[in-house]
Amino acid sequence: IIAITQGLKDHYSTIKAKINILPDGVKESWLTKPRDKIELKRIINKYNKKNKKIILYAGTNLNWKGVKTIEVAAKNDNNPNHQYLIIGFKKENTNNIKYIDRVDQESVRSFYLIADILVIPNSAKYKISSHFTSPLKLFEYMAVQKPIICSDLPSLREIVSKNEVWFFEPDSASSLLQTIQVVEKTPQIEIDTKVSKAFQLVKNYTWEKRAREIIQL
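Thresholds applied
The numbering scheme is per chain: residues are counted from 1 as the chain's sequence reads. It should be noted that, the model being predicted, local features are given only for residues of pLDDT at least 70 and side-chain atom pairs only at 80 or more, the latter also being counted only at that level, while totals for whole chains, interfaces and linings use all residues. Side-chain figures throughout are based on the complete set of non-hydrogen atoms in the structure, without hydrogens or water. Remark: exposure states derive from per-residue accessible area (1.4 Å probe, protein chains only) relative to the maximum for the residue type, with buried under 20%, exposed over 50%, and partly exposed in between. Numbering goes from the N terminus for both helices and strands, where a helix is a DSSP run of H or I of at least four residues and a strand is a run of E of at least two. For two strands to be treated as a pair, DSSP must find no fewer than two bridges joining them. Look down the strands so they point away from you; if the path from the first strand over the helix to the second goes clockwise, the crossover is right-handed. Here an angle of 0 to 180 degrees is reported between the N-to-C directions of two axes, which are lines fitted to C-alpha atoms, with helices fitted over the stretch in contact. Contact criterion: two residues are considered in contact whenever any of their non-hydrogen atoms come within 4.5 Å of each other. Think of a 1 Å grid over the protein atoms and nothing else: a 1.4 Å probe that fits but is trapped marks a cavity, an open set flanked by protein within 12 Å on at least five of seven lines marks a pocket, and residues with an atom within 4 Å of a point count as lining. Grid points are joined across faces, edges and corners, and a volume is the space filled by probe spheres set on the points. Residues are sorted three ways: Asp, Glu, Lys and Arg are charged, Ala, Val, Leu, Ile, Met, Phe, Trp, Tyr, Cys and Pro are nonpolar, and all the rest, Gly among them, are polar. Here, a salt bridge means any side-chain nitrogen of Lys or Arg that lies within 4 Å of a carboxyl oxygen of Asp or Glu. Between N or O atoms, a polar contact is any pair within 3.5 Å; within protein, one atom must be a potential hydrogen donor and the other a potential acceptor, and residues adjacent in sequence are included only when both atoms are from side chains.

**Q** Hey, could you run me through the pairing of strand 3 (residues 53-58) in this one?
**A** Consecutive side chains of a regular strand alternate in pointing toward one face of the sheet and then the other. Counting buried residues along strand 3, five of its six residues qualify, which places the element largely inside the surrounding structure. Relative to strand 4 (residues 82-87), strand 3 is paired through six bridges, and the arrangement is parallel. The partner of Ile54 across the bridge, within strand 4, is Gln83. Viewed along the sheet, the connection from strand 3 through helix 4 (residues 67-75) into strand 4 turns out right-handed. Sheet topology places strand 3 next to strand 6 (residues 117-120); two bridges connect them, and they run parallel.

**Q** Help me understand the sheet that holds strand 5 (residues 97-100) in this model?
**A** Sheet strands associate in pairs through backbone hydrogen bonding, adopting either a parallel or an antiparallel arrangement. The parallel open sheet is built from six strands, whose spatial order is 5-4-3-6-7-8. Looking at the sheet topology across the chains shown, the edges are occupied by strand 5 and strand 8 (166-168). Averaged over neighbouring strand pairs, the angle between their axes works out to 25 degrees when direction is ignored. Of the strands in this sheet, strand 3, strand 4, strand 5 and strand 6 are in contact with helix 5 (residues 105-114), which crosses strand 3 at around 145 degrees.

**Q** Looking at this model, I keep getting lost on the layout of surface pockets. Mind explaining?
**A** To locate leftover empty space, one rolls a probe as large as a water molecule over the atoms. A volume near 390 Å³ is recorded for the largest pocket. Taken together, 18 residues line the largest pocket, and the ones lying closest to its centre are Ala58, Gly59, Tyr112, Leu136 and Glu140. If you list the elements that add at least two residues to the lining of the largest pocket, you get helix 5 and helix 7 (136-143). Considered class by class, the residues forming the lining of the largest pocket number nine nonpolar, five polar and four charged.

**Q** Looking at this structure, how should I read the pattern of salt bridges?
**A** When the charged atoms of two side chains lie near each other, side chains of opposite charge can form a pair. Taken as a whole and assessed by the stated rule, the structure comprises six salt bridges. In this structure, Arg42 and Glu39 form a salt bridge, with 2.9 Å as the shortest nitrogen-oxygen distance. In this pair, Arg42 and Glu39 both sit in helix 3 (residues 37-47), three residues apart, roughly one turn of the helix. Given a relative accessible area of 18%, Glu39 falls into the buried group. The salt bridge involving Glu71 is made with Lys91; its shortest N-O contact spans 3.0 Å. Taken together, the residues Glu71 in helix 4 and Lys91 in the loop between strand 4 and strand 5 connect sequence positions 20 residues apart. Its relative accessible area of 12% is what places Glu71 among the buried residues. A relative accessible area of 42% means that Lys91 is categorised as partly exposed.

**Q** Honestly, the side chain of Gln83 in this entry has me stumped. Any pointers?
**A** Along the polypeptide, Gln83 turns up in strand 4. We classify Gln83 as buried; its relative accessible area is 6%. Of the polar contacts made by the side chain of Gln83, one reaches the backbone oxygen of Asn96; its length is 3.2 Å. Beyond its immediate sequence surroundings of up to four residues, Gln83 is in contact with Tyr47, Lys52, Lys53, Ile54, Ile55, Asn96, Ile97 and Lys98.

**Q** Explain the environment of Val202 here, please?
**A** Within the element layout of this structure, Val202 appears in helix 10 (residues 188-202). Remark: the alpha-carbon pair of Val202 and Glu190, spanning twelve residues in sequence, is separated by 19 Å. Excluding residues within four positions of it along the chain, Val202 makes contact with Val26, Leu31, Phe139, Met142 and Ala143.

**Q** What should I look at first to understand unusual backbone geometry in this one?
**A** Of all residues except glycine, most have a negative phi; of all peptide bonds, most are trans. A positive phi is found at Gln145, a non-glycine position, where the angle reads about 60 degrees. Along the polypeptide, Gln145 turns up in the loop between helix 7 and strand 7 (148-151). At Asp171, a position not held by glycine, the phi torsion is positive, near 70 degrees. Inspection of the secondary structure assignment puts Asp171 in the loop between strand 8 and helix 9 (173-185).

The analysis is restricted to geometry; functional conclusions fall outside its scope.
As structure tokens, this is what we get:
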């Protein structure tokens with residue numbers, strides 16, 4: 001049996017079988033593929049003509065994903081230089097949030113690459129979020145070498161620490177907003193160090209490596 005988190009393994013601990021933990025991952029090609037400058041320019045021209053700082057979330061709007069937290073943070077964000085992009089479903093845009101419907105994997109990578117901060121706002125109110133999930137977006141975010149802000153949850157702490165990401169209090173829009181401000185005030189050399197550590201770490205979590213490990217079980 002393969003579980004994607006320690007939380008899932010613990011949940012099924014009564015099963016009389018060996019349970020191995022193998023988290024989700026990212027394609028190895030994401031670690032080396034060059035940027036498509038033409039595509040990036042197209043996206044910037046369409047979604048960020050005013051050259052604002054982009055704070056991005058990609059995923060569904062299921063309650064446990066914590067989208068409400070980033071929406072409230074955006075509503076309370078008075079910085080006119082901030083543009084929030086939420087990718088994965090459509091809603092009516094607000095003054096500083098643009099909603100973009102689902103896009104394919106290669107396109108979402110391009111959106112990540114134009115972002116300044118990537119956010120995982122998972123809620124602590126649901127066990128699937130706090131203990132069972134191994135978010136694909138976490139590994140994708142790490143692979144594109146951008147600053148990452150995460151809800152401080154056991155499921156995410158299984159993969160990353162404060163050495164690779166910035167944590168905020170789950171379900172707290174004010175904590176998220178404060179953490180965005182912290183990232184912006186962090187010296188670039190410290191940001192680069194965290195981003196680099198995240199990139200080195202994600203090399204251990206590719207789908208190809210995961211497949212090899214499954215074969216060896």
